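# Observations on chain architecture
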Amino acid sequence: MTRHLKMYINGEWVASSSETTVNVIDPATQEVIAVASNTTKEETEEAIKTAKRTFESGVWSDLLPQERASVLRKIAEKMEDNENTLIDLEVQNNGKTKREADSDVQDAINCFRYYADLLNTTSDQTYEASEDLQTLIVKEPIGTAGLIVPWNFPLLMSVWKIAPALAAGNTIILKPAEITPLTAVKLFELMDETDLPKGVANLILGLGSEAGQTISESKDVDIVSFTGSTAVGRHIMKAATGNMKKVSLEMGGKSPNIIFDDADLDTAVDYALFGIYMGAGQVCTSGSRILVQEGIYDKFVKNYIERAKAIKVGPGHDENAEMGAIVSQKHLENILEYVQIGKEEGAHLALGGSKIKSGELEKGLFFEPTIFTNVTNDMRIVQEEIFGPIVTIQKFKDEDDAIKTANDTDYGLAGAVFSKDQNKALRLIKKIRAGITWVNTYHLTDEQAPWGGYKQSGIGRSLGTYGLDEYQETKQININL
Ligand code: TAP
């Protein structure tokens, strides 16, 4: 029997009155694993009203920080007790490998614990403004937070928003991507088993164009925190002007991975592969543009293609799989279109470029690791975010050429430099106009480091103390002594 997913509003699981539904599929088999009703505009407004009413009641915002911290710790504990279920659901719904899902679940648990700990350490400030005036600076919750997340890290992106928003004392409405709601539903089931008061955390399902749009436009939402594409982020920013709500946007990228002649070749190849093929390239920070210095270029490309050919693509639950599936048929078609665009632009397709049609993998949405060489910076495949296992490899002459090419993009999310010369690497990394960068590694980070982009990759930061600030107002209180 196919499971029908429900919304969670005011502490109750409720079925949507909507007649339209979304089939939730397993990308490794394309089988329908659940059906979600599309939360209507009216139901979304009801969830927002509930969150607002609950915020104003003070049942959550008036708790001592330590009391909120203890609920966050309980959620982390529940997740830990159910980590295998969360991992399985993420693999099944998103198509990522078990190893990747495992790491997402651990990071999500750590994120709840990190914000619980932070609540016990953050302090307000006080100073004497003059002989008879004492000033306090205090942090307060913003109010009602609308959280809109994408499909590529369904659980982790939800938790990166839920944990700091709740820690700060806000009430929330979460809207996961329509095609990947399963781990969000499970997380809310687990939160329901804790002492989180009713109405603090609300979950709606369904379409961005209806439920997401309603959140972004609502005058009762005080902050909209969005992770997704730059196109939708731009739309949300406009919709948010109605009540001038705060916006926090984590968006797309086209990140450069710069490899110098003096880099350790094996290390550079390893991380350049990991940089793009983790999550089958469906990662905002993917190193989708590899820039290689001319002296090492031919050797690097030869080595890289050989290694990419050997990547084992397969269903996430297969322990040997190194790269999982593409999330949906629609997205796979987008990726295929970019292969065609690349060919028409005159790039050389050095590897891959097709859906895998052999054996067991045929029934799933599996794509070959794909490499384009002979590319120029004006090509669409170099400028636009493809969000799939497609990488372009370019040649550069010197430091100036590398930086000019790396920064010639509307995006500014991430970037990396590979060189044994630490001074050169640091000099270059400081010149990359991006918020998340690496030297001689890729993708590694943790919940303490601020996460976000420059230029059209974002506004604001997730994680760390910066992530808590996103969900807080700052007030000055002046006391006549
Ligand atoms: P989007 O298509 O932008 O969707 C993201 C979320 O926004 C989904 O929940 C979507 O709903 C919703 N949405 C769509 N239209 C909306 C509207 N008019 N108003 C409000 N919400 C709306 O992105 P995606 O395809 O899911 O994810 C891939 C993108 O996310 C990539 O660009 C990637 O770079 C970016 N991303 C960025 C980061 C960071 S941290 N920078 C992390 C992960 C992903 P439905 O899809 O359910 O309709």
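Residues numbered from 1 in each chain as written. Predicted model: local features only at pLDDT ≥ 70, side-chain atom pairs only at ≥ 80, totals over all residues. Heavy atoms only, no water.

### Overview of the domain arrangement of the chain
The figure often quoted for interface size is the accessible area lost as the parts come together. Let me state the cut-off plainly: An automatic or database domain assignment provides the domain bounds reported here. Whether two residues touch is decided by their heavy atoms; if any such pair falls within 4.5 Å, the residues are in contact. By buried area we mean the combined loss of accessible area, with a 1.4 Å probe, across both parts when two parts are placed together. Take a side-chain nitrogen of Lys or Arg and a carboxyl oxygen of Asp or Glu: if they are within 4 Å of each other, that pair is a salt bridge. Two N or O atoms form a polar contact when they lie within 3.5 Å of each other; inside protein one atom must be a possible hydrogen donor and the other a possible acceptor, and for residues adjacent in sequence the pair counts only when both atoms belong to side chains. Working definition: helices are DSSP H or I runs of at least four residues, strands are E runs of at least two. Numbering for both runs from the N terminus.
In terms of domain boundaries, the chain breaks down into domain 1 (3-251 + 457-476) and domain 2 (256-439). Summarising the inter-unit geometry, the C-alpha centres of domain 1 and domain 2 are found 31 Å apart. Contact residues are listed per partner, giving 23 residues for domain 1 and 28 residues for domain 2. Interface area for domain 1 against domain 2, summed over the two sides, is near 2,000 Å², with a carbon-plus-sulfur share of 58%. On the domain 1 side of the interface with domain 2, the three residues burying the most area are Ala-28, Trp-151 and Ser-457, jointly 25% of the side's total. Where domain 1 touches domain 2, the interface holds 0 salt bridges. There are 8 residue pairs in polar contact (both at pLDDT 80 or more) connecting domain 1 and domain 2. At the level of secondary structure, the elements contributing two or more residues to the side of domain 1 that touches domain 2 comprise α3 (83-94) and α4 (98-119).

### Details of the state of the cysteines
So the rule is basically this: Disulfides are defined in this document as cysteine sulfur pairs within 2.5 Å.
With the rule as written, the count across this model stands at 0 disulfides. Free of any disulfide, Cys-111 has its nearest neighbouring cysteine sulfur in Cys-284, separated by 14 Å.

### Observations concerning helix α9 (residues 265-277)
Filter applied, for reference: Expected span of a helix: the number of residues minus one, times 1.5 Å. Only protein chains enter the accessibility calculation, which uses a 1.4 Å probe. A residue is then buried if its area is under 20% of the maximum for its type, exposed if over 50%, and partly exposed in between. Working definition: the arc comes from the directions between the helix axis and the C-beta atoms, pointing outward to the latter.
With 13 residues, α9 should cover 18 Å at 1.5 Å per step; its first-to-last C-alpha distance of 18 Å lies within 8% of that length. Residues of α9 that are buried: Leu-265, Ala-268, Val-269, Ala-272, Leu-273, Gly-275, Ile-276 and Tyr-277. Angular distribution of buried residues about the axis of α9 spans 165°; they occupy a single face of the element. On the buried face of α9, the contacting elements are β13 (256-259), β14 (289-293), α10 (294-309), β16 (370-373), β17 (390-396) and β19 (414-418). After α9 finishes, the residue Gly-279 shows a positive phi value of roughly 65°.

### Points about the pairing of strand β9 (residues 171-175)
Residues in a regular strand point their side chains to alternate faces of the sheet. Here is the rule: A pair of strands counts as paired when DSSP detects no fewer than two bridges linking them. Clockwise travel from the first strand over the helix to the second, with the strands pointing away from the viewer, marks a crossover as right-handed.
Among the 5 residues of β9, 5 are classified as buried, and the element is accordingly described as predominantly covered. Burial along β9 is two-sided: Thr-171, Ile-173 and Lys-175 facing one way and Ile-172 and Leu-174 facing the other are all buried. Bridging between strand β8 (residues 144-148) and β9 involves 5 bridges; their strand directions are parallel. Bridge pairing in β9 links Gly-146 to Ile-173. The handedness of the β8 to β9 crossover, carried by helix α5 (residues 154-167), is right-handed. Here β9 pairs with strand β10 (residues 201-203) via 3 bridges, running parallel. Across the sheet, the residue bridging to Leu-174 is Leu-203, located in β10. Crossover handedness for the path β9 to helix α6 (residues 182-192) to β10: right-handed.

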